[in-house]
Amino acid sequence: NISTLSPSVSALMIVVWVSIGTIICIPNTVLFVTSGTLFGFWWAFTFNLVGFGFGSTLAFLISRYGFYDFVREKAHTMLHTFNQRFSDNGWKAVAVVRLTPVFPSFAVNYLLGITHVRFFDYVWASITFTVPACLIFTYLGGASISLLLESEGSNTLLKILPVVSLFILAAIVFVIRRRATNAR
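Residues numbered from 1 in each chain as written. Predicted model: local features only at pLDDT ≥ 70, side-chain atom pairs only at ≥ 80, totals over all residues. Heavy atoms only, no water.

(A) Highlighting the side chain of Asn109. Along the chain, Asn109 turns up in helix α6 (residues 105-113). Residue Asn109 is classed as buried on the basis of its relative accessible area of 0%. Look past the residues within four positions of Asn109 in its chain and what remains in contact with it is Thr22, Ser56, Ala59, Phe60, Arg98 and Tyr122. (Helix = DSSP H or I, 4+ residues; strand = E, 2+ residues; numbered from the N terminus. Buried < 20%, exposed > 50% of the residue type's maximum accessible area, 1.4 Å probe, protein only. Contact = heavy atoms within 4.5 Å.)

Here it is in structure tokens:
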């Protein structure tokens, strides 16, 4: 029974689950909702981010040092254009693709590994701009189990968190688009 596990075992399980899932291309939505359902919102949110940080960083490094030469040989012209756009914008490009749910996170991890985006920019922007999605999907997982276990009275913070997260996400996207437009 998961509820009887010690906090350190639970944390380790979440980090390993999300790290491996990120590397082998399981969508973040599935990883975050599952962790939220099994371990509750606060534990899962915190350690989903840690696991995502490890997993996405490893996927990026696998791509950069394992696939770059192969992709460069096969698609040099397309890679050059793609690379130029991401290299010129660095962390801002990472932020946009992390905040846009159209781009699957696992694909972003591997695609950005074959660009010249700086490693540090990739890591901090990936983790930072995955927070809104992690909040929302972990909340959905945590809320689903809470609804099953509680009939009345739940934490007010957990009720307003998804709404606040959406507003924060919208504000971040607005600011980045405005800065990108002004920079042109």
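(B) The arrangement of unusual backbone geometry in detail. For Cys25, which is not glycine, the phi torsion reads 75° and is therefore positive. Note that Cys25 resides in the loop between α1 (7-23) and α2 (28-39). In this structure Cys25 comes out as partly exposed when scored by relative accessible area, which is 32%.

(C) Representation of the environment of Val97 within the structure. Following the sequence through the fold, Val97 ends up in helix α5 (residues 91-99). When the C-alpha atoms of Val97 and Leu112 are compared, they prove to be 10.0 Å apart, with 15 residues separating the residues in sequence. Setting aside residues up to four positions removed in sequence, Val97 forms contacts with Phe86, Phe103, Val108 and Leu112.

(D) Structural view of the nonpolar core. Counting 15 residues, the largest nonpolar core has Phe86, Val94, Leu112, Tyr122 and Phe129 as the members making the most contacts within it. Elements represented by at least two residues in this core include exactly α5, α6 and α7 (119-128). Ranked by residues supplied to this core, first place goes to α5 with five residues. If near-sequence neighbours (up to four positions away) are discounted, Phe86 is found in contact with Ala93, Val97, Leu112, Thr115 and Val117. Counting residues in hydrophobic clusters, the runner-up holds 14 residues, among them Leu31, Ala44, Leu49 and Tyr139. (Core = buried A, V, L, I, M, F, W, Y, C linked by side-chain atoms within 4.5 Å.)

The analysis is restricted to geometry; functional conclusions fall outside its scope.
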